[in-house]
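# Chain and residue survey
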Amino acid sequence: MMNVLADRTQRGALATVGWDDEGVPADSWPIVKDGFFVDYQEDYLLDDLIAATDRGILIKGRGSYSIDQQRFNFQFGGQVFYEVRDGAVTEMLKDVAYQGRTPEFWNSLDMLGGARSYELGGTFYDGKGQPSQSNAVSHGCPPARFRGVSVINTGRS
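Everything quoted here is computed from the prediction, not taken from an experiment. (Residues numbered from 1 in each chain as written. Predicted model: local features only at pLDDT ≥ 70, side-chain atom pairs only at ≥ 80, totals over all residues. Heavy atoms only, no water.)

### Section: the overall build of the protein chain
Quick note on the threshold: Every helix listed is a DSSP run of H or I at least four residues long, and every strand listed is a run of E at least two residues long, numbered separately from the N terminus. Relative accessibility decides the category of a residue: with a 1.4 Å probe and only protein chains considered, values under 20% of the type maximum give buried, values over 50% give exposed, and everything between is partly exposed. Values of accessible area rely on a 1.4 Å probe in the Shrake-Rupley scheme; residue burial ignores everything except the protein chains shown. Note that His is not counted, nor are the chain ends; the positive residues are Lys and Arg, and the negative ones are Asp and Glu. Where a charge lies is defined by one atom per residue type: Lys uses NZ, Arg uses CZ, Asp uses CG and Glu uses CD.
For the protein chain, the helix and strand inventory stands at two helices and 14 strands. Expressed as lengths along the three principal axes of its C-alpha atoms, the size of the protein chain is roughly 55 × 45 × 30 Å. Taken over 157 residues, the protein chain has a buried fraction of 18%. As presented, the protein chain carries roughly 11,600 Å² of accessible surface, and 52% of it is formed by carbon and sulfur atoms. With 15 positive and 21 negative side-chain charges, the protein chain shows a spacing of 7 Å between the two charge centroids.

### Side note on unusual backbone geometry
The phi dihedral of D86 falls on the positive side, at around 50°, and the residue is not glycine. Secondary-structure assignment places D86 in the loop between β7 (80-85) and β8 (88-93). We classify D86 as exposed; its relative accessible area is 69%. One non-glycine residue with positive phi stands out, namely D95, at about 60°. Looking at the element boundaries, D95 is found in the loop between β8 and β9 (96-101). For D95, a relative accessible area of 30% gives the class partly exposed.

### Concerning the sheet that holds strand β3 (residues 36-37)
Note the cut-off: Note: two strands are recorded as paired if DSSP finds a minimum of 2 bridges between them.
The strand order β1-β2-β3 describes an open sheet built from three strands, whose pairing is antiparallel. Taken across any chain shown, the strands that pair with only one partner, and hence form the sheet edges, are β1 (4-7) and β3. Sheet topology places β1 next to strand β2 (residues 28-33); four bridges connect them, and they run antiparallel. From the neighbouring strand, A6 faces β2, where its bridge partner is W29.

### Describing the pattern of salt bridges
Between side chains of opposite charge, pairing is possible as soon as their charged atoms come close. The cut-off we apply is this: Think of a salt bridge as a Lys or Arg side-chain nitrogen and an Asp or Glu carboxyl oxygen that are within 4 Å of each other.
Within the structure shown, the criterion is met by five salt bridges. Here R116 and D43 are joined by a salt bridge, their closest N and O atoms 2.8 Å apart. Remark: D43 occurs in the loop between β3 and α1 (46-51) and R116 occurs in the loop between β10 (109-112) and β11 (119-123); sequence separation between them is 73 residues. A relative accessible area of 34% means that D43 is categorised as partly exposed. Salt-bridge contacts for R101 lead to E104; the nearest nitrogen and oxygen are separated by 2.7 Å. Owing to a relative accessible area of 42%, E104 belongs among the partly exposed residues under this scheme.

Printed below as a string of structure tokens:
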């Protein structure tokens, strides 16, 4: 019964535009149709996100994490980290984490992979609730690129 349509052409809407930053005319497309997720904005691969990045850090896998009870302030790590320069992965980094506030973080998303780059991950402990609860959970997503995220070196010297 649920349908979600992305529509950059709806008259009077706050996100209505004639064309995007790259000069592509605005259009509309289904995201959820009859309750099923059917489309991403583009079908980018991880290589596409890397090629479009001048300077950044590629974080792969799930590492340590900390998030407050309201799920507002957070810090996350990964399993491996790489520097990205001029559209290419360069060297491996160590002791990287990123932190921020949830609304600002999601508002900094500027590029998203598509169906071909979707991966399913998960954790055996979600650490939610008061009193504490422990559940195994899965979370799938494509690669994503965020701008202006606070990245810290967690290494101890």
